Amino acid sequence: MEIKPSPVQEIKEELFKEKNVRVFIKREDLNHPIVSGNKWRKLKYNLQEAKNQEHQTLLTFGGAYSNHIYAVAGAGKAYGFETIGIIRGEEIPPLNKTLSFAVSCGMKLHYLNRSDYREKNARNVKQTLHNLFTPFYEIPEGGTNNLAIKGCTEIIQELEHDYDHYCLSVGTGGTISGIIQGLKGSSNVVGFSSLKGSFLTSEVKKLNSEYSDNLYENWQINNDFHFGGYAKTKPDLLEFMEGFESRQGVLLDPVYTGKAMYGLYQLIHNDHFNSGDRILFIHTGGLQGRKGFGL
Ligand SMILES: *Cc1c(COP(=O)(O)O)cnc(C)c1O
């Protein structure tokens, strides 16, 4: 289950020339033919751990358009696990593209209404799932745990160059925690929240403190580019993505990477970075999610 280093390429824009910054993109969207992106990094050591514990079944949680559900289903098929997806909300036939892919990989879907889903870590809901599906290896929603963070440190370890800033999209905070741990305090990390609110700074602090005793402070979460909240879009965002994609030949998604890239362009525009800075944008994948938006 080794992951080949994903390519890094420079993206060129008049704006970058004008501000004298260079921007590179690490194509984690190309790191696996099916699983792809940060979800593959987060799964790698979890799959090894499941194998070590001699589990045959993976159980995890997600919404109906979840990149993580898609990744677990694909990884289960590719690496020989049964998979169970606990899906938020009611079943809506016909299945959308994410869930029909999951089913085509053999994933068994089990729906939880929204209030039970919210309480999925409460004892009674856990007990119900155990009664139905034991034995299984549980992977949390979004895939974030210490093994996921360890997997994401490898995004940094395989780089051939250093950069002044590392930029990426943030959902649960697992991936950025791996980037922070991988950098060990050097350079600067900017995470763009895909969610409304400002709770991610404390969440990322918590994830890092659970992972190691090193308290790094060379990172920030930017909460200004959620475009109305998780999986919400605005015409402005979609227009930006279309322009970016046609100029650069690199696809983005409207839930995560599109918002983060938009945010990066805005920060460059607003002279947030110094002249001469080299910036690495980590493309976290998630392109299957475009289908939910008709892209
Ligand atoms: C899940 C996801 C994220 C968020 O990653 P976290 O580790 O949950 O912060 C970012 N980008 C893409 C494409 C994703 O699928």
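Residues numbered from 1 in each chain as written. Predicted model: local features only at pLDDT ≥ 70, side-chain atom pairs only at ≥ 80, totals over all residues. Heavy atoms only, no water.

1. Side note on the site of the ligand
The condition is simple: Consider each residue's heavy atoms; a residue with any of them within 4 Å of a molecule or strand counts as near. Throughout this description, a polar contact denotes any pair of N or O atoms lying within 3.5 Å of each other; where both atoms belong to protein, one of them has to be capable of donating a hydrogen while the other can accept it, and for residues adjacent in sequence the pair is counted only when both atoms sit in side chains. Surface accessibility in these figures is a Shrake-Rupley result with a 1.4 Å probe; residues are shielded only by whichever protein chains are displayed. Strands are runs of DSSP state E lasting at least two residues, helices are runs of H or I lasting at least four, and both sets are numbered from the N terminus onward. By the convention adopted, Pro, Cys, Tyr, Trp, Phe, Met, Ile, Leu, Val and Ala count as nonpolar, Lys, Arg, Asp and Glu as charged, and the other residues, Gly among them, as polar.
Around the ligand sit 15 residues in total, of which Lys39, Lys42, Asn67, Thr172 and Thr175 are the nearest. At a separation of 2.6 Å, an oxygen atom of the ligand approaches a polar side-chain atom of lysine 42. Here an oxygen atom of the ligand sits 2.7 Å away from a polar atom, N or O, in the main chain of glycine 171. In isolation the ligand exposes 390 Å². Once the protein is present, 98% of that is buried. For the shell around the ligand, the element with the most residues is helix α2 (residues 38-52), which contributes three residues. Broken down by class, the residue content of the shell around the ligand amounts to two nonpolar, 11 polar and two charged.

2. Topic: the domain arrangement of the protein
Where the parts come together, the accessible area they lose is often given as the size of the interface. Basically, it comes down to this: In this document the domain limits rely on a domain assignment from an automatic tool or a database. We call two residues in contact whenever any of their non-hydrogen atoms come within 4.5 Å of each other. Using a 1.4 Å probe, buried area is obtained as the accessible area two parts lose upon being combined, added over both of them. For this analysis, a salt bridge means a side-chain nitrogen from Lys or Arg found within 4 Å of a carboxyl oxygen belonging to Asp or Glu.
Annotation of the protein at the domain level lists domain 1 (8-32 + 144-293) and domain 2 (56-135). Distance from the C-alpha centre of domain 1 to the C-alpha centre of domain 2: 27 Å. Across the boundary between the two partners, domain 1 contributes seven residues, which contact seven residues of domain 2. Roughly 610 Å² of surface becomes buried between domain 1 and domain 2 when both sides are summed, with 53% attributable to carbon and sulfur atoms. If you sort the residues of domain 1 by the area they bury against domain 2, His32, Gln288 and Lys291 come out on top, with a joint share of 67%. At the boundary of domain 1 with domain 2, the tally comes to zero salt bridges. Each residue belonging to the side of domain 1 that touches domain 2 can be placed in one class, and the counts come to one nonpolar, five polar and one charged.

3. Some words on helix α3 (residues 67-79)
This is how the line gets drawn: Given the number of residues in a helix, its expected span is that number minus one, multiplied by 1.5 Å. Relative accessibility thresholds used throughout: buried, under 20% of the residue-type maximum; exposed, over 50%; partly exposed, between the two (1.4 Å probe, protein chains only).
Over its 13 residues, α3 extends 18 Å from the first C-alpha to the last, a length consistent with the 18 Å expected when each residue adds 1.5 Å. In terms of burial, α3 is largely enclosed, as 10 of its 13 residues are buried. Burial in α3 covers these residues: Asn67, His68, Ile69, Tyr70, Ala71, Val72, Ala73, Gly74, Ala75 and Gly76. Against the buried residues of α3 lie α2, β3 (57-62), β4 (82-88), α4 (97-104) and β6 (137-139). Of the residues flanking the start of α3, the one acting as N-cap is serine 66, its side-chain oxygen 3.0 Å from the backbone nitrogen of histidine 68. In the stretch just after α3, glycine 80 is the one whose phi turns positive, near 80°.

4. Here we look at the nonpolar core
The criterion, for reference: What makes a nonpolar core is a set of buried Ala, Val, Leu, Ile, Met, Phe, Trp, Tyr and Cys residues whose side-chain atoms join them at distances within 4.5 Å.
Counting residues in each nonpolar core, the largest one holds 27 residues, and the members touching the most others are Met261, Leu264 and Ile268. Sorting elements by how many residues they give to this core places helix α11 (residues 257-269) first, with seven residues. Not counting the four nearest positions on each side in its chain, methionine 261 is found in contact with Ile11, Ile25, Phe240, Phe244, Leu252 and Phe281.

5. Considering the sheet that holds strand β2 (residues 22-27)
Spelled out, the test is: Pairing between strands is defined by DSSP: at least two bridges between them are needed. What counts as an axis is a line fitted to C-alpha atoms, over the stretch in contact for a helix, and the angles between N-to-C directions run from 0 to 180 degrees.
A sheet is described by the order of its strands in space; here six strands give the open sequence β1-β2-β10-β7-β8-β9, paired in mixed fashion. Each edge of the open sheet is held by one strand with a lone partner, namely β1 (8-11) and β9 (219-222). With direction set aside, neighbouring strand axes in the sheet form an average angle of 25°. Taken strand by strand, helix α8 (residues 174-183) contacts β7 (165-170), β8 (188-193), β9 and β10 (278-283), and its axis lies near 160° from that of β7.

6. Thoughts on the pattern of salt bridges
Under the criterion given, the structure shown has 16 salt bridges. With its nearest N and O atoms 4.0 Å apart, the salt bridge here joins glutamate 210 to lysine 206. Taken together, the residues glutamate 210 and lysine 206, both in helix α9 (residues 200-211) and four residues apart, mark about one turn of the helix. Its relative accessible area of 45% is what places glutamate 210 among the partly exposed residues. A single network of salt bridges, built from pairs that share partners, joins Lys26, Glu28, Arg41 and Glu158.

7. Re the packing of aromatic side chains
Put simply, the rule reads: Side-chain rings of Phe, Tyr and Trp (the six-membered ring for Trp) are treated as a pair once their centres are within 6.5 Å; stacked means planes under 30 degrees apart, edge-to-face means over 60, and tilted covers the remaining angles. Whether a charge sits over a ring comes down to the Lys NZ or Arg CZ being within 6 Å of the ring centre and within 35 degrees of the ring normal.
Counted according to the given criterion, the structure contains 14 aromatic pairs. When the ring of tyrosine 163 is compared with that of tyrosine 166, the centres are 5.8 Å apart and the planes differ by 90°; the resulting orientation is edge-to-face. With a relative accessible area of 5%, tyrosine 163 lands in the buried category. Of note, lysine 39 hangs over the ring of tyrosine 256, and the distance from its end group to the ring centre comes to 5.4 Å. For the cation-ring pair, lysine 150 lies above tyrosine 45, with the distance from its terminal atom to the ring centre recorded as 4.1 Å.

8. Things to note about the packing of α3 against α4
Worth spelling out the cut-off: The labels follow the angle: roughly parallel below 35 degrees, roughly antiparallel above 145, roughly perpendicular from 65 to 115, and oblique for the rest. Two helices cross in a left-handed way if the nearer one is turned anticlockwise from the farther one by less than a right angle. They cross in a right-handed way if the turn is clockwise.
Direction vectors running N to C along α3 and α4 enclose 20°, while the axes themselves pass 8 Å from each other. By the angle between their axes, α3 is roughly parallel relative to α4. As α3 runs across α4, the sense of the crossing is left-handed. On α4, the residues that touch Ile69, Tyr70, Ala73 and Gly74 of α3 are Thr98, Leu99, Phe101 and Ala102.

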